[in-house]
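# Reading the structure
Here's the letter readout for the chains.
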Amino acid sequence: MSDVYRVSQDWARHAHVDAEKYAALYDAAASDPTGFWLDQAQRLDWIVPPTVADQSSFDEADFGVRWFADGRLNVAANCLDRHLASRGNDVALIWEPDAPEEEPKRFTYLELFQHVCRFANVLKAEGVAKGDRVTIYMPMIPEAAFAVLACARIGAIHSVVFGGFSPDALAGRIEDCDSRLVVTADCGRRGGKTIPLKANVDAAAERAPSLKRVIVVKATGADVPMTGRDVWYHEAAAQVSADCPAEPMDAEDPLFILYTSGSTGKPKGVLHSSGGYLLWASLTHHWCFDYRPGDVWWCAADIGWVTGHSYILYGPLANGATTLMYEGLPNWPDASRIWQVVDRHKVHTIFTAPTALRALMKEGDAFVAKTDRSSLKLLGTVGEPINPEAWRWYNDVVGEGRCPIVDTWWQTETGGAMIAPMPGATDLKPGSATKPLPGVHPQLVDETGKVLDGAVSGNLCITRSWPGQMRTVWGDHARFFQTYFTTYPGKYFTGDGCRRDEDGYYWITGRVDDVINVSGHRMGTAEVESALVLHAKVAEAAVVGMPHDVKGQGIYAYVTLNAGEAASEELRAELRQWVRTEIGPIATPDAIQFAPGLPKTRSGKIMRRILRKIAEGDVSSLGDTSTLADPSVVDDLVANRVG
Ligand code: WTA
């Protein structure tokens, strides 16, 4: 019997949704989806309200994802304009700088609106029009939010690229969506270090012929050379008015592209729509986090990931919330910093990743205990399975038992939370994302696609569409269908393994494909392998995940060198640096094992199962190796395991 944390009576009484209401919502969404969703859609401000809801199909013959197709709206107007009359002077955005001794900034809804309109006019002056792609490669500064919302205002499609990605990774993403314009800053700052964003864009531009214009925000004041391609944001902004009407958009018009790693090939441009996505971001923020006017909401993600899109910007702003954006790291200058930010801004809800909690937990409770945290009322987590130990630490030490833990399972592809508790409705179990939200229909299947009932483990599929579902892979609709809907025909396959317990609670066990989750960031093993084999001394590489006590998973690389090349510590360091330069620091291998040969079947397929076991240190159960072309390579791999 796993332990259960019951919903507090206080939460049950005061929350937007209690257990009874959750059951009613779930039933209504299942039995009358059209009525339910048209009703829920009213939480948005439509120019033309939709009369149709779900028109999606997961079947090959009429495949497609479509919601609210005859509705028209503007996403930025939903996040800004509609709040002006009622809460124009309320704080929309709080910005907390990297260095604690610096002053935070606050923007009311009116001020944020004005900044966004001005940014939008700068984009327009540069010739950006509805449907154009704008790449945003920014640090966590307010202008990143202005730029994102400015795109939404004029109907341009933003593609935010995480500021930790390398010039190469950036160039690939600029080219893939044929983006003419990049918004960046001179430099970024994080944990006291600077990141040369503008220089990275310059390097990317050499490999990205589609790039014609770069708008540069002066953030740190670093001296950066400007070329004919570049324009300073503050100079351009001085030339335009602060009046910019919002572009009416169809619900199905694209809102943004976000690149994410899959098990094969280069990262996919996940495309989200305007109406369905915004509804899902807004509704899940309301349901899971029970936001109330006046609460200070802090999603401690980076804007370069989907969590930042949905829960720093779109969801909270659509709900008229005060959202906090933090430039720095949770544990810099020390492990109290995250809780000091909570105290400084009287944060009510913090939403962060298990990896951050594990890193902080390791530093000891004293860093937490010396802060106040009495403003906190709810604690959220996302990105990877949370181990019960970290869950309890969050609950007992950080929240002092007062704050429900909302563990949200979802993906870039889902737009917002899918399996997650509601604080007034759902009893909690440490380590479980609990139950599906209304409108979410999970199913567990075995390898052959057989549907598994009851308490069981299997592969997690979703059988019906939901408003926040991705619409396509940018430029490759066939890949969208192929990636998600062919493993188990007629179903969306998440790529995750999952256990359902006797109470119908879902326990995500991690990816079952060749994607690894490093510190809550998705990394395709194929991407790291491609980077390694680009090195002149590398003949072949195979990458798998390995357990890591802070990151969740680490990256373990097996590398075969070209004939005549010698393995050495220097080369190991060089290869680590190589991957950092090719992809970015998040892809740095934690362990590199030089392997004279890789375990392959006679048809040449690498047996990853064996490599995973060795990386995990589980060498006693390697299974049948007799089908290998050369079984003796396994002995060498075991003998020379790293770590
Ligand atoms: C994993 C992040 C367990 C999962 C929002 C998923 C989780 C992948 C959880 C998506 C959770 C995310 N519990 N696993 N609460 N949340 N995951 O696209 O493997 O960056 O498929 O989206 O993270 O990662 P992505």
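Residues numbered from 1 in each chain as written. Predicted model: local features only at pLDDT ≥ 70, side-chain atom pairs only at ≥ 80, totals over all residues. Heavy atoms only, no water.

## A short note on the overall build of the protein chain
If you tally the helices and strands in the protein chain, you get 21 helices and 29 strands. Judged by the C-alpha coordinates and their principal axes, the protein chain covers about 75 × 60 × 60 Å. For the protein chain, the residues scored as buried account for 60% of the 643 residues in total. A separation of at least 24 residues holds for 72% of the contacts in the protein chain among residues at least 6 apart in sequence. Carbon and sulfur atoms make up 50% of the accessible area of the protein chain, which totals about 23500 Å². Positive and negative side-chain charges in the protein chain, numbering 63 and 81 respectively, have mean positions lying 1 Å apart. (Helix = DSSP H or I, 4+ residues; strand = E, 2+ residues; numbered from the N terminus. Buried < 20%, exposed > 50% of the residue type's maximum accessible area, 1.4 Å probe, protein only. Contact = heavy atoms within 4.5 Å. Areas by Shrake-Rupley, 256 points an atom, 1.4 Å probe, with all protein chains shown as cover. Lys, Arg positive; Asp, Glu negative; His and termini not counted. Charge placed at Lys NZ, Arg CZ, Asp CG, Glu CD.)

## Observations concerning the pattern of salt bridges
Counting across every chain of the model gives 32 salt bridges. Here D253 makes a salt bridge to K130, at a shortest N to O gap of 3.9 Å. Taken as a pair, D253 in the loop between β11 (249-250) and β12 (254-260) and K130 in the loop between α6 (109-125) and β4 (133-137) lie far apart in primary sequence, 123 residues in all. Exposure remark for D253: the relative accessible area of 17% places this residue in the buried category. Judged by relative accessible area, K130 falls into the partly exposed class, the value being 40%. As a salt-bridge pair, K198 and D202 come within 2.9 Å of each other at their nearest N and O atoms. Linking K198 with D202, this pair stays in helix α9 (residues 197-205), spanning four residues, or about one helical turn. Connected via shared salt-bridge partners are K198, D202, R229 and D230. (Salt bridge = Lys/Arg side-chain N within 4 Å of Asp/Glu carboxyl O.)

## A look at helix α16 (residues 388-398)
Looking at α16, one finds that the buried residues are A390, W391, W393, Y394, N395 and V398. Against α13 (337-345), β16 (349-352), α14 (354-362), α15 (366-369), β17 (378-382) and β18 (405-408) lie the buried residues of α16.

## Describing the site of the ligand
Around the ligand sit 17 residues in total, of which D407, T408, T412, D496 and R522 are the nearest. The separation between a nitrogen atom of the ligand and a polar main-chain atom of G383 is 3.1 Å. At a separation of 2.7 Å, a nitrogen atom of the ligand approaches a polar backbone atom of T408. For the ligand, whose accessible area on its own is 530 Å², the fraction buried by protein is 96%. Contributing elements (two or more residues each) for the shell around the ligand: α12 (306-318), β18 and β24 (506-511). The residue makeup of the shell around the ligand, split by class, is six nonpolar, six polar and five charged. (Near = heavy atom within 4 Å. Polar contact = N/O pair within 3.5 Å; in protein donor to acceptor, adjacent residues only side chain to side chain. Nonpolar A, V, L, I, M, F, W, Y, C, P; charged D, E, K, R; others polar.)

## Points about the pairing of β12
Of all seven residues making up β12, six are buried, and the element is well covered by its neighbours. Of the strand pairs in this sheet, strand β5 (residues 157-160) and β12 are connected by two bridges, and their pairing is parallel. Note on β12: the bridge partner recorded for S159 is I257. Across six bridges, β12 lies against strand β13 (residues 268-273) in antiparallel orientation. Across the sheet, F256 pairs through a bridge with H272, a residue of β13. (Pairing = 2+ DSSP bridges.)

## Digging into the UniProt feature "domain: AMP-binding enzyme C-terminal" (unreviewed entry) in the protein chain
Within this structure's numbering, the places UniProt gives as "domain: AMP-binding enzyme C-terminal" (unreviewed entry) are residues 527-605. Along residues 527-605 one finds 27% helix and 32% strand; the C-alpha atoms at either end are 18 Å apart. (UniProt positions renumbered as here; feature names shortened; annotations may be inferred.)

## Focus on the UniProt feature "domain: Acetyl-coenzyme A synthetase N-terminal" (unreviewed entry) in the protein chain
Per the UniProt entry, the sites bearing "domain: Acetyl-coenzyme A synthetase N-terminal" (unreviewed entry) are residues 22-79 in this numbering. For the annotated span residues 22-79, helix accounts for 40% and strand for 3% of the residues, and the straight-line distance between the end C-alpha atoms is 26 Å.

## Considering the sheet that holds strand β21 (residues 456-462)
Backbone hydrogen bonds hold the strands of a sheet together, and the pairing may be parallel or antiparallel. If you walk across this open sheet you meet the five strands as β20-β19-β21-β23-β24, and the pairing is antiparallel. Across the chains shown, the open sheet's two edge strands, defined by having one partner strand only, are β20 (451-452) and β24. Of the strand pairs in this sheet, strand β19 (residues 442-445) and β20 are connected by two bridges, and their pairing is antiparallel. In the strand pairing of β20, V445 is matched with V451.

## Observations concerning the side chain of N319
Here N319 lies in the loop between α12 and β15 (322-326). Within the structure, the side chain of N319 is placed 2.7 Å from the side chain of S282, a separation counted as a polar contact. Discounting chain neighbours no more than four positions away, the residues touching N319 are R43, H83, R87, S282, H285 and H286.

## What about helix α19 (residues 569-582)?
Since there are 3.6 residues in each turn of an α-helix, residues three or four apart along the chain are aligned in direction. Taking 1.5 Å as the rise per residue, α19 with 14 residues should run 20 Å; its terminal C-alpha atoms sit 20 Å apart, in good agreement. All of the buried residues along α19 are L571, R572, L575, V579 and E582. Summarising the axial view, the buried residues of α19 lie within an arc of 105°, below the 170-degree limit, and thus occupy one face. α19 presents E569 and E570 as exposed residues on the side facing more than 90 degrees away from its buried surface. The secondary structure elements touched by the buried residues of α19 are α8 (167-176), α18 (525-533), β27 (538-548), β28 (552-561) and β29 (591-594). Just beyond α19, the residue with positive phi is G584, at close to 150°. (Expected span 1.5 Å × (residues − 1). Arc of directions from axis to C-beta.)

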